[in-house]
Amino acid sequence: MKRYLLYVTLPYAYSILRPLEHEIRRRGGEAAWFVEEGCPVVLEEGEVRLGTIREAVAYNPVAVFAPGNYIPDFIPGVKVALFHGYAIQKRIEAVDDHFTVRGWFDIYCTQGPSSTPYFKELEKKYGFFRVYETGWPKADTYFSPEVQRKPQNDHPVILYPPTFTRNVCSAPHLMAEIDRLAKTHPWDWVITFHPKLTDPGIIAGYKRIAEENENVIFYEGFDKMPLLQQADVMLCDSSSIILEFMFLDKPVVTFRNSHPGPHLIDVDTPEAVGPAIERALARPEGLMEEIRSYTMHHEPHRDCRCSARVLDAVDDYIVRGHAGLKRKPLNLVRKWKLRRQLHYYPLLEKFRRGLLVPQLGIPQRRQQHRQPQQRETHIARHQNSALVQGTGDGLP
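Residues numbered from 1 in each chain as written. Predicted model: local features only at pLDDT ≥ 70, side-chain atom pairs only at ≥ 80, totals over all residues. Heavy atoms only, no water.

Participant: What's the story with helix α13 (residues 332-342) in this structure? I'm lost.
Facilitator: Along an α-helix, residues three or four positions apart point the same way, because every turn accommodates 3.6 residues. Residues of α13 that are buried include every one of K335, L338, R339 and L342, and no others. One side of α13 holds all its buried residues, which, seen down the axis, span an arc of 100°. Where the residues of α13 are buried, they touch β1 (3-8) and α2 (53-59). At the C-terminal side of α13, H343 shows a positive phi close to 55°. (Buried < 20%, exposed > 50% of the residue type's maximum accessible area, 1.4 Å probe, protein only. Helix = DSSP H or I, 4+ residues; strand = E, 2+ residues; numbered from the N terminus. Arc of directions from axis to C-beta. Contact = heavy atoms within 4.5 Å.)

Participant: I'm lost on helix α6 (residues 171-184) in this one. Help?
Facilitator: Taking 1.5 Å of rise per residue, the 14 residues of α6 would be expected to cover 20 Å, and the 20 Å separating its terminal C-alpha atoms lies within 8% of that figure. Largest kink in α6: about 30°, centred on E177. Among the residues of α6, A171, L174, M175, E177, I178, D179, L181 and A182 are the ones counted as buried. (Expected span 1.5 Å × (residues − 1). Bend = angle between axes of the 7 residues up to and from the residue.)

Participant: Mind showing me how you'd approach the packing of aromatic side chains here?
Facilitator: The relative placement of two aromatic rings is captured by the distance of their centres and the angle of their planes. Within this structure, the stated rule accounts for 24 aromatic pairs. Geometrically, the ring pair formed by Y160 and Y206 is tilted, given 5.8 Å between the ring centres and 40° between the ring planes. Of the two residues, Y160 sits in strand β7 (residues 157-160) while Y206 sits in helix α7 (residues 200-212), which places them 46 residues apart along the sequence. The pair formed by Y160 and Y206 is uniform in burial state, with each residue classed as buried. Each member of the aromatic cluster is reached from another via a ring pair, and the members are F83, F99, F105, Y108, Y118, F119, Y126, F128 and F129. (Phe/Tyr/Trp six-rings, centres within 6.5 Å; stacked < 30°, edge-to-face > 60°.)

Participant: When you look at the state of the cysteines in this model, what are you seeing that I'm missing?
Facilitator: In a disulfide, the sulfur atoms of two cysteines are held together by a covalent bond. Scanning all chains against the criterion turns up zero disulfides. We note that C306 lacks a disulfide partner, and the nearest cysteine sulfur, in C304, lies 7.8 Å from it. We classify C306 as buried; its relative accessible area is 0%. (Disulfide = S-S within 2.5 Å.)

Participant: Looking at this model, I keep getting lost on the pattern of salt bridges. Mind explaining?
Facilitator: Pairing is possible between side chains that carry opposite charge, provided their charged atoms lie close to one another. If you walk through the whole model with that rule in mind, you get 25 salt bridges. Ionic pairing is found between E23 and R27, a salt bridge with its closest N-O pair at 2.8 Å. With relative accessibility at 11%, the residue E23 sits in the buried group. Note on R27: relative accessible area 36%, which makes it partly exposed. Between R292 and E285 there is a salt bridge, and its shortest N-O distance comes to 3.3 Å. Taking relative accessible area as the criterion, R292 reaches 31% and is therefore assigned partly exposed. The class of E285 is partly exposed, set by a relative accessible area of 48%. Residues joined by salt bridges that share partners form a network here, namely K150, D249, R283, E285, E289 and R292. (Salt bridge = Lys/Arg side-chain N within 4 Å of Asp/Glu carboxyl O.)

Participant: Explain the sheet that holds strand β5 (residues 107-110) to me, please; I cannot follow it from the model alone.
Facilitator: Two orientations exist for strands paired in a sheet by backbone hydrogen bonds: parallel and antiparallel. Taken in spatial order, the six strands of this open sheet run β2-β1-β3-β4-β5-β6, and their pairing is parallel. Of all strands in the sheet, those bounded by a partner on one side alone are β2 (30-35) and β6 (130-133). Neighbour-to-neighbour, the strand axes of this sheet turn through a mean angle of 25°, independent of strand direction. The pairing of β1 with strand β3 (residues 63-66) spans three bridges and is parallel. Bridged to L5 within β3 is V64. In the packing of helix α12 (residues 306-321) onto the sheet, the strands contacted are β1, β3, β4 (78-81), β5 and β6, and the crossing angle to β6 comes to about 145°. (Pairing = 2+ DSSP bridges. Axes fitted to C-alpha atoms, helices over the stretch in contact; angles between N-to-C directions.)

Participant: Explain the sheet that holds strand β9 (residues 216-219) here, please?
Facilitator: In space, the six strands of this open sheet follow the order β9-β8-β7-β10-β11-β12, with parallel pairing throughout. With one partner strand each, in any of the chains shown, β9 and β12 (265-267) form the two edges of the open sheet. Within the sheet, the average angular offset between the axes of one strand and its neighbour, ignoring direction, is 20°. When strand β10 (residues 233-236) meets strand β11 (residues 252-255), the two strands line up parallel, connected through three bridges. Across the sheet, residue L235 finds its bridge partner in β11, namely V253. On top of the sheet, α6 reaches β7, β8 (188-192), β9, β10 and β11; it is set at about 155° to β8, its chief contact.

Everything listed here is a matter of geometry and, on its own, says nothing about what the molecule does.
Following this line, the structure appears as structure tokens:
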């Protein structure tokens, strides 16, 4: 039975990795989760969690999947990058951070025309990883029939999930206007923040709006999918969740989007938000056609088989894809920082336990004079330690 590890650093990873877990199980494989310290644990019944990084190493997976920026190099298995969103250039920059290569991964599973061609060029440039266009595992959820059903709301529902990114976050600018619109328009509002948007003043301000207006909800849960399904229109700025909402064939109003286009209703002032939402609720055909074209450029894979293609990519890499690749960069500083973050120092721990004494040439006379019972205990402890350490000592 093949084992796979699902590596979580932030709560958004659950909804990305879960379709992959379902496909692993469907194929008869086994999946376990490792959740980094500080990240909320939101596992479902029947899901397996590995409590320590040593357990993750000993699990010895055939592959490790992460929608973040890294996977610890000392965990066994093929390291697979799945991304936490799409290449939408939410910052004003020449090259999207989506395309930053940090030297952690063996495979990049790209999503479509917006990401694959550039990553293929990076594959040629660096030569130590493979690129497979698979589609995004989370897209399997978005394009399922049950999620594609249109909402049936008594009043229009406006979803507001601003990004956390400095300089493009709209939350400080729109607080007063959203409060005014909640009081003057027959719309229901759902406000929810990215886990990294932690400004206490902003959070308190929007919670106050929810407390003072019956038609406003401040949602603090981790699963955003029900919110996307319920809403009729999204108000946002430059978050990658914009594209995910558009997968449901719904319009988006943005405030000072970093890369506006005909698929968006973008405004520059808070006063323009209300009229823009009214236009979005009317769903003009020209706008909806632009949305469909834009989403197809990012995610053409709508057959609910993205997760299957990711697992096929791993199999291909193991059989032949790894051949001819260069060695990954040493990344010594990054590796040390990650070991320190995860408190993973296997060689140091072995040294402290005295397991390196024979290798250092220290006389072993004391060990030879142990009583039989003491010697058996020592051997058992040594064997147990080896089992816990699993494969490799984790150091470059």
